[in-house]
Amino acid sequence: MISQQFLQHYNEVAGNHPDSIVFKRSGIFYLAIGENAKKAAELCGLKLQAEGDYADPIAVCGFPKSALDKYTGKLLRSGCSVIFAHDENEIERIRSISE
């Protein structure tokens, strides 16, 4: 289950970087939420899952840290910019190859 604190920080980062796909680190995984998850799942062939309330589910996808290079490369080659939020103060932006 995704915590409210996780969602709040994720939404803050995503709101500040609307032109990028945002992933937030959770343990050994990087997770994308909402529209970012839908786009990342489509571009990378990741499984899209639903979290939260049955009546109002949240789209989530992700990958393990060990696959970071693989999926970052796929997203960059597709023209996306990617943000990795590790914690409250650490954000890493990787721009698309075309930028």
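Residues numbered from 1 in each chain as written. Predicted model: local features only at pLDDT ≥ 70, side-chain atom pairs only at ≥ 80, totals over all residues. Heavy atoms only, no water.

Colleague: So what exactly am I meant to see when it comes to the nonpolar core here?
Modeller: In a soluble, globular protein the nonpolar side chains are often hidden away together inside. Residues Phe-23, Ile-33, Leu-46, Cys-61, Phe-63 and Leu-75 are the most contacted members of the largest nonpolar core, which totals 31 residues. For this core, the elements supplying multiple residues, two or more each, are helix H1 (4-16), strand S1 (20-26), strand S2 (29-33), helix H2 (35-44), strand S4 (58-64), helix H3 (68-77) and strand S5 (81-87). The biggest single contributor to this core is H1, with five residues. The residues touching Ile-33, leaving out its near neighbours within four places in the chain, are Ile-2, Phe-6, Leu-7, Tyr-10, Ile-58, Ala-59 and Val-60. (Core = buried A, V, L, I, M, F, W, Y, C linked by side-chain atoms within 4.5 Å. Buried < 20%, exposed > 50% of the residue type's maximum accessible area, 1.4 Å probe, protein only. Helix = DSSP H or I, 4+ residues; strand = E, 2+ residues; numbered from the N terminus. Contact = heavy atoms within 4.5 Å.)

Colleague: Explain H1 here, please?
Modeller: Note on helix geometry: an α-helix contains 3.6 residues per turn, so any two residues three or four positions apart are oriented the same way. For H1, spanning 13 residues, the distance from its first C-alpha to its last is 18 Å, which sits close to the expected 18 Å at 1.5 Å a residue. Residues of H1 that are buried include every one of Phe-6, Leu-7, His-9, Tyr-10, Val-13 and Ala-14, and no others. The arc enclosing the buried residues of H1, seen along the axis, measures out at 165°, which places them on a common side. Opposite the buried face of H1, at more than 90 degrees from it, the exposed residues are Gln-4, Gln-5, Gln-8, Gly-15 and Asn-16. (Expected span 1.5 Å × (residues − 1). Arc of directions from axis to C-beta.)

Colleague: Mind showing me how you'd approach the packing of H2 against H3 here?
Modeller: Working note: a packed helix pair is described by the angle between its axes plus the distance between those axes. Axis separation between H2 and H3 bottoms out at 10 Å; the angle between their running directions is 95°. When the axes of H2 and H3 are compared, the pair comes out roughly perpendicular. Packed against H2, whose contacting residues are Ala-40, Leu-43 and Cys-44, the element H3 presents Tyr-71, Lys-74 and Leu-75 at the interface. Among the residues making up the contact of H2 with H3, the classes are represented as five nonpolar, no polar and one charged. (Axes fitted to C-alpha atoms, helices over the stretch in contact; angles between N-to-C directions. Parallel < 35°, antiparallel > 145°, perpendicular 65-115°, else oblique. Nonpolar A, V, L, I, M, F, W, Y, C, P; charged D, E, K, R; others polar.)

Colleague: Could you clarify how one ought to interpret the environment of Arg-25 in this entry?
Modeller: For Arg-25, the location among the structural elements is in strand S1. Setting aside anything within four residues of it in sequence, one finds Arg-25 in contact with Phe-6, Tyr-30, Lys-65, Ala-85 and His-86. Polar side-chain contacts of Arg-25 include one of 3.0 Å to the backbone oxygen of Gly-27. (Polar contact = N/O pair within 3.5 Å; in protein donor to acceptor, adjacent residues only side chain to side chain.)

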